[in-house]
Amino acid sequence: MNAHRGSAVLSSATTLKVQPAATALIDNSRLRLFSGSANVPLSQEVARYLGMDLGPMIRKRFADGELYIQIQESIRGCDVYLIQPCCHPVNDNLMELLIMIDACRRASARQVTAVIPYYGYARADRKTAGRESITAKLVANLITQAGANRILAMDLHSAQIQGYFDIPLDHIYGSPVVLDYLVSKQLSDIVVVSPDVGGVARARALAKKLDDAPLAIIDKRRQAHNVAEVLNVIGDVKGKTAVLVDDMIDTAGTISAGARLLREEGASHVYACATHAVFSPPAIERLSTGLFEEVIVTNTIPIAESDRFPQLVMLSVANMLGETIWRIHEDSSVSSMFR
Ligand SMILES: Nc1ncnc2c1ncn2[C@@H]1O[C@H](COP(=O)(O)O)[C@@H](O)[C@H]1O
Ligand SMILES: O=P(O)(O)OC[C@H]1O[C@H](OP(=O)(O)OP(=O)(O)O)[C@H](O)[C@@H]1O
């Protein structure tokens, strides 16, 4: 598996109860899949899992920068899935999603599901100071008002975002693919580490699945936006293989400061795992300094070739998204995939 580090995206479907054979049985005569421009390779993989093609769509930009979208086939009465993570450039990708939803509604789709593997603006999920916007709620309002009937989201930064939507939302997790990968590495003497208090539930859930590995928590503070300061580690990491787990790596301030502290506290190896590789500068510099044995992320957000480094491991969530889409289409259980 290491041969794929820093280059190809690895697929994994052991822990997750996916049923690739099911795709052969699928009645996809009314199922339609379209991709926005944010992560076309992921959409293509999802389509491959479902044994279908991405729907034809024209997307272009007018001279003044405005976007034009036209669905190129009839979708009247269809169950339509629009795949678009709201990653960088977040405002463009969000607007494109809204226009796609509107185009599908006006084309008489029976149901429109916005598949949002990475939900942008998620960290603005509450007021932390006076006179701020709760932008995560505003985004939910925009998507709902545009005409989406349903949302499929992955590893939302905070659980309350589910409640910002008054339409059904299926929330799935990237952890099964990360777990499969970690298990395949047969690491010994693991301690799972949450890089901040907000991530404890996520880290605890992973620790439980790694043979009830012990848990440690880093006390992180933020004095300013995008500046992470770590104070101390709660828990024993000396001589252990520390597996830091987070929902996203943005500037990598949190995870790299956490890794440095773990090394100072005697951790023998440090792995970083996160679903969303936001990777805003200077993330790549921080992640490729040799602090980490591996930086394990998924492909909810595309990573440019120029941003890949030797310790980077990219896992694919395409099968998981494909299986979830199929289950939604078939009105069958999504949660049973994770039991
Ligand atoms: N996109 C963002 N990048 C960095 N920081 C952000 C972003 N959106 C909102 N924020 C700020 O993060 C904190 C909230 O973090 P908690 O640890 O959940 O309190 C708040 O200051 C936001 O303005
Ligand atoms: O790579 P970075 O630029 O450091 O950003 C990523 C970190 O920011 C978010 O946490 P946040 O600070 O919002 O804390 P929380 O998880 O406790 O809400 C996120 O959950 C990561 O921990």
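Residues numbered from 1 in each chain as written. Chains lettered and ligands numbered in written order. Predicted model: local features only at pLDDT ≥ 70, side-chain atom pairs only at ≥ 80, totals over all residues. Heavy atoms only, no water.

- Under an unreviewed UniProt entry, the name given to the chain is Ribose-phosphate pyrophosphokinase, and the source organism is Iningainema tapete BLCC-T55.
- Under the UniProt heading Subcellular location (unreviewed entry), the entry covering the chain gives this text: "Cytoplasm".
- Its UniProt record gives the chain the following Subunit (unreviewed entry) comment, quoted word for word: "Homohexamer." (UniProt positions renumbered as here; feature names shortened; annotations may be inferred.)

What to know about the overall build of the chain
- Regarding its fold elements, the chain presents eight helices and 15 strands.
- Projected onto the principal axes, the alpha-carbon positions of the chain cover approximately 60 × 50 × 35 Å.
- Relative to its 339 residues, the chain shows a buried fraction of 55%.
- The long-range share in the chain, meaning contacts at least 24 apart out of those at least 6 apart in sequence, stands at 66%.
- Accessible area for the chain stands at about 15000 Å²; split by element, carbon and sulfur atoms hold 49% of it.
- Taking the average place of the 34 positive charges on the side chains of the chain and the average place of its 36 negative ones, the gap between the two points comes to 3 Å. (Helix = DSSP H or I, 4+ residues; strand = E, 2+ residues; numbered from the N terminus. Buried < 20%, exposed > 50% of the residue type's maximum accessible area, 1.4 Å probe, protein only. Contact = heavy atoms within 4.5 Å. Areas by Shrake-Rupley, 256 points an atom, 1.4 Å probe, with all protein chains shown as cover. Lys, Arg positive; Asp, Glu negative; His and termini not counted. Charge placed at Lys NZ, Arg CZ, Asp CG, Glu CD.)

Points about the side chain of threonine 135
- Within the secondary structure, threonine 135 is located in helix α3 (residues 135-146).
- Dropping the residues within four chain positions of it, threonine 135 is found in contact with Tyr121 and Ala124.

Looking at the UniProt feature "active site" (unreviewed entry) in the chain
- Summarizing the sequence annotation, UniProt attributes the feature "active site" (unreviewed entry) to Lys220 in the numbering used throughout.
- As for its position among the elements, lysine 220 is in strand β10 (residues 215-224).
- Take lysine 220: its relative accessible area is 17%, and that puts it in the buried class.
- The residues touching lysine 220, leaving out its near neighbours within four places in the chain, are Pro195, Asp196, Ala228, Glu229, Val230 and Thr254.

A few points about the site of ligand 1
- Neighbouring residues of ligand 1: Arg123, Ala124, Arg126, Thr128, His225 and Asn226.
- Contacts to ligand 1 include arginine 123, whose side-chain N or O atom sits 3.4 Å from a nitrogen atom.
- At a separation of 2.9 Å, an oxygen atom of ligand 1 approaches a polar side-chain atom of histidine 225.
- Summarising the interface, the protein chains cover 63% of the accessible area of ligand 1, which totals 500 Å² for the free molecule.
- Grouping the amino acids of the shell around ligand 1 by side-chain chemistry returns one nonpolar, three polar and two charged. (Near = heavy atom within 4 Å. Polar contact = N/O pair within 3.5 Å; in protein donor to acceptor, adjacent residues only side chain to side chain. Nonpolar A, V, L, I, M, F, W, Y, C, P; charged D, E, K, R; others polar.)

Section: the confidence of the model for the chain
- Here the chain shows a mean pLDDT of 93. Residues at 70 or above account for 92%.
- The model gives residues 20-24 a pLDDT under 50, and that stretch makes four contacts with residues more than four places away or in other chains.
- Taken over the whole predicted complex, pTM reads 0.94, whereas the ipTM for its chain interfaces reads 0.94. (pLDDT = per-residue confidence, 0-100.)

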